[in-house]
Protein chains: 2
Amino acid sequence: MTWLKTGVSWGWLFLVWPLLAWSAEPMLRGTGDLGVIVERGAGRLVIISTSNNGIVQRVDGLGDLSHASVVFSRDQRYAYVFGRDGGLSKVDILRGMLDKRIVQGGNSIGGAISQDGRLVAVANYEPGGLKVFAADTLEPVADVPAAYGDGNLSKVVGIADLPGDRFIYSLFDADQIWVADVHDPPAVKIEKFTGIGRAPYDGLVTPDGRYYLAGLFGEDGIALLDTWQPQAGVQRILPNYGKGEEKLPVYKMPHLRGWAVAGRQVYLPAIGRHEVLVADTLTWKETARIAVRGQPVFVVARPDGRQVWVNFAFPDNGFVQVIDTLAGQIVQTLEPGKAVLHLEFTPRGEAVWISARDDNKVVVYDTASFAKRAELAVESPSGIFFTARAHRIGF
Amino acid sequence: MTWLKTGVSWGWLFLVWPLLAWSAEPMLRGTGDLGVIVERGAGRLVIISTSNNGIVQRVDGLGDLSHASVVFSRDQRYAYVFGRDGGLSKVDILRGMLDKRIVQGGNSIGGAISQDGRLVAVANYEPGGLKVFAADTLEPVADVPAAYGDGNLSKVVGIADLPGDRFIYSLFDADQIWVADVHDPPAVKIEKFTGIGRAPYDGLVTPDGRYYLAGLFGEDGIALLDTWQPQAGVQRILPNYGKGEEKLPVYKMPHLRGWAVAGRQVYLPAIGRHEVLVADTLTWKETARIAVRGQPVFVVARPDGRQVWVNFAFPDNGFVQVIDTLAGQIVQTLEPGKAVLHLEFTPRGEAVWISARDDNKVVVYDTASFAKRAELAVESPSGIFFTARAHRIGF
């Protein structure tokens, strides 16, 4: 340690230290209690802490964040933001700054991060296909056009990660589900399932990473793939799921990604109806329907599965309802604010954060007492994403 | 910003900076990929990263760490270490230093952290009872002696957290299960379940925080409490679980805490037998028995539930076996090293870390290929705990 011998005086260090800490070095802190909220209009992320229900800082310059989604690096330091404009931004949530940003496509709707954290994949509408990037540098490592028919490219929707550095997604225009194995990029092994049903519009993976479900826009029912037994192919389940014979106006397509598995039941937003559907995850048969306030958009289980929280499409988008899964009925109706767009639970479920876009605020509720714990001023908030997602499969 | 006006020269900053970073400030980093390994003989923690399979640093001075267990703060910065000697240590894993240490009892076997992260609870053998501390300061906030009969105190075992800032645990000497609600300390509301079966020796909560199971040392079967419906009381399930009529020598009591729920099946270590028991979590009936190499100790599911990994008591404690839960049979037998004590999966399950005490090493395996990915030199390693536990219920 030669620097010890140079006779440096240490007195100045204590004078300068606070200044250094303030000016150059962000606070040393764990990242397990952090999250980000999308300020959709401003193209900005708000970094928050669930420990003090407070705002840490903001990061801007992220482009068009309408319908943006976010995944996290395995160390929970970086947020990858998928923008509607095809932008892919890597944000350092400890330093509160943009680490890197690329525009990788013309129109994208979401992405995912591989099980080992090395790869970030983006599902593109335009040009239709999957693009894969190195998580550290955002260098492109693989490009998988969603080609079908005579040189057509399909919009890609409903992407999720699967164990084994695979991504699963649906081809809206081609009625297909693809599984891309990117374990050894740039080589990509693709397994294709065709004729899965008309116009898959969104998809999700069960929390254990086993089942993939794609909602169909073009017909009733849901396409189901058991990824542990792909040789069995895609089945059709819940034949009454969809608009059905009585065509109802659909104000907003529900988000399947926000679905809820509680115990062995899955809670699904009915399309166009004021109902939440309940199905058994063993038989995949419908077991109940629960009448709710409006057309459900997000149907999300508290992490322990005892409650399922639901928000709604216009004109009921000022309400949130809570289903008690043991009782099988609604136990609470809340009015967090105007235009509720999203909700996110703290990892162990003691609180839920809800964005009210048209009131420019995010409201934090205690999930046991339903008391309001905090309100944060956030400009047109949409998606809320906590770092615990880094540890989950299928996000 | 008045300090800008003082005419400070900034040139020195760039000279001094690397030195500061090295000498005073730990590396800025996320905490989602960190973990700790207990060096039981040395009273030391090894802080590791699952991103590079490497050792970050060591922290010593933690007392007797035989049979030590660990929980994490909600921000994933601090590890709380429960030592056999009644020591409770709070370790700052970012700075790699002991933040605070108290000796709170004479003999303890484990602890838990509350859902909101404010409280740490220790289950004590001596004096028998539960002690609760503020997570930030380790100041005592509540003391719940495990009193029964004529002024006796029972050993407390099988502690786990429940939603709502509650802790559940068993009284070994009193044949009871207690639920302590510490939402408003120092007030503690206790709900007692008596006559639950002879000598509960360990317990666990299902991943959703709903069911508590206590293994019985004094008789066959398992005590089950549905914490969503406590009014139904404690039931007895798996009447053949235990030593049964044919009394076999038991080399090491299995650890229930490391149990496995995969899909809707639970995998339990049979006591004294070379078997893993499988039971349905809906009916709580036994559905299968899988013959394994030795007497199982830890039976742990990979996070996606497709595999269950098992280690064994002496003389088979050099082996680890892997059950494929879809096939219902063993698909791999590994020999990681001498005296395998514990195993821990990375949060999304691509790797597993295994401690081999008598070979002074921890081995990292790829769970898809079973290839050895790394070996770390660790002195008499026992428990391995990753920070993702901060986000889980029942740990």
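Caption draft 1: Region of interest: the overall build of chain A. The number of helices and strands found in chain A is one helix and 34 strands. With respect to the principal axes defined by its C-alpha atoms, chain A has extents near 85 × 50 × 35 Å. As displayed, chain A offers around 14,700 Å² of accessible surface, 50% of which is attributable to carbon and sulfur atoms. If the 40 positive side-chain charges of chain A are averaged to one point and the 43 negative ones to another, these points end up 2 Å apart.

Caption draft 2: Highlighting the environment of Gly128(B). Residues and elements named next belong to chain B. Among the structural elements, Gly 128 can be located in the loop between β9 (119-126) and β10 (129-134). Here Gly 128 falls in the buried class, since its relative accessible area comes to 5%. C-alpha of Gly 128 to C-alpha of Val 144: the two residues are 16 residues apart in sequence and 9.0 Å apart in space. With residues up to four places along the chain from it excluded, the contact list for Gly 128 reads Pro 145, Ala 146, Leu 153, Ser 154 and Val 156.

Caption draft 3: How the structure looks around the sheet that holds strand β4 (residues 69-72) of chain A. All names here are of chain A. Pairing is antiparallel across the open sheet formed by four strands, whose spatial order is β4-β5-β6-β7. Since the sheet does not close on itself, it has two edges, and those belong to β4 and β7 (97-103), each with one partner. On average, each strand axis in the sheet is inclined to that of its neighbour by 20 degrees, with strand direction left out of account. In this sheet, β7 lies alongside strand β6 (residues 87-92) in antiparallel orientation, the contact comprising six bridges. Each bridged residue has a counterpart across the sheet, and for Val 91 the counterpart in β7 is Leu 98.

Caption draft 4: Geometry of the sheet that holds strand β14 (residues 156-162) of chain B. Residue and element names in this part refer to chain B. The sheet built from four strands is open, its strands ordered β14-β15-β16-β17 with antiparallel pairing. Each edge of the open sheet carries a strand with a single partner, namely β14 and β17 (189-193). The sheet shows a mean angle of 20 degrees between the axes of neighbouring strands, direction not considered. Bridge count for strand β16 (residues 176-181) against β17 is five bridges, and the pairing is antiparallel. Note on β17: the bridge partner recorded for Ala 180 is Ile 190.

Caption draft 5: Spatial organisation of the pattern of salt bridges. Tallying each qualifying case throughout the model produces 50 salt bridges over all chains. Among the ionic pairs, Glu375(A) bridges to Lys372(A), the shortest N-O distance being 3.0 Å. For Lys90(B), the salt bridge is made with Asp99(B), and the minimal N-O distance between the two is 3.5 Å. According to the relative accessible area criterion, Lys90(B) is buried, its value standing at 6%. By sharing partners, the salt bridges in this structure join Glu39(A), Arg44(A), Arg58(A) and Glu379(A) into a single network.

Caption draft 6: Representation of the pairing of β14(B) in the model. The element β14(B) is extensively covered by neighbouring structure, given that seven of its seven residues are classed as buried. Connecting β14(B) to the next strand, strand β15 (residues 166-171) of chain B, in antiparallel fashion are three residues, including Gly164(B) with a positive phi near 85 degrees.

Caption draft 7: The arrangement of the confidence of the model for chain A in detail. In this model, chain A carries an average pLDDT of 90, and 91% of its residues clear a pLDDT of 70 or more. Scoring of the predicted complex yields 0.92 for pTM and 0.91 for ipTM.

Caption draft 8: Representation of the environment of Gln307(A). Residues and elements named next belong to chain A. Mapped onto the fold, Gln 307 is located in strand β27 (residues 307-312). As for Gln 307 and Gln 231, which are separated by 76 residues in sequence, their C-alpha atoms are 35 Å apart. A distance of 3.0 Å separates a polar atom in the side chain of Gln 307 from the backbone oxygen of Thr 367.

Caption draft 9: Inspection of the packing of aromatic side chains at higher detail. Residue and element names in this part refer to chain A. For the coordinates displayed, the defined rule picks out ten aromatic pairs over all chains. Measuring from ring centre to ring centre gives 5.9 Å for Trp 309 and Phe 370, while their planes differ by 45 degrees; the resulting arrangement is tilted. One end of the pair, Trp 309, is in strand β27; the other, Phe 370, is in the loop between β32 (361-366) and β33 (372-377), with 61 residues separating them in the sequence. Just as Trp 309 is buried, Phe 370 falls in that class too.

What counts, and where the lines are drawn
- Residues numbered from 1 in each chain as written.
- Chains lettered and ligands numbered in written order.
- Predicted model: local features only at pLDDT ≥ 70, side-chain atom pairs only at ≥ 80, totals over all residues.
- Heavy atoms only, no water.
- Helix = DSSP H or I, 4+ residues; strand = E, 2+ residues; numbered from the N terminus.
- Areas by Shrake-Rupley, 256 points an atom, 1.4 Å probe, with all protein chains shown as cover.
- Lys, Arg positive; Asp, Glu negative; His and termini not counted.
- Charge placed at Lys NZ, Arg CZ, Asp CG, Glu CD.
- Buried < 20%, exposed > 50% of the residue type's maximum accessible area, 1.4 Å probe, protein only.
- Contact = heavy atoms within 4.5 Å.
- Pairing = 2+ DSSP bridges.
- Axes fitted to C-alpha atoms, helices over the stretch in contact; angles between N-to-C directions.
- Salt bridge = Lys/Arg side-chain N within 4 Å of Asp/Glu carboxyl O.
- pLDDT = per-residue confidence, 0-100.
- Polar contact = N/O pair within 3.5 Å; in protein donor to acceptor, adjacent residues only side chain to side chain.
- Phe/Tyr/Trp six-rings, centres within 6.5 Å; stacked < 30°, edge-to-face > 60°.

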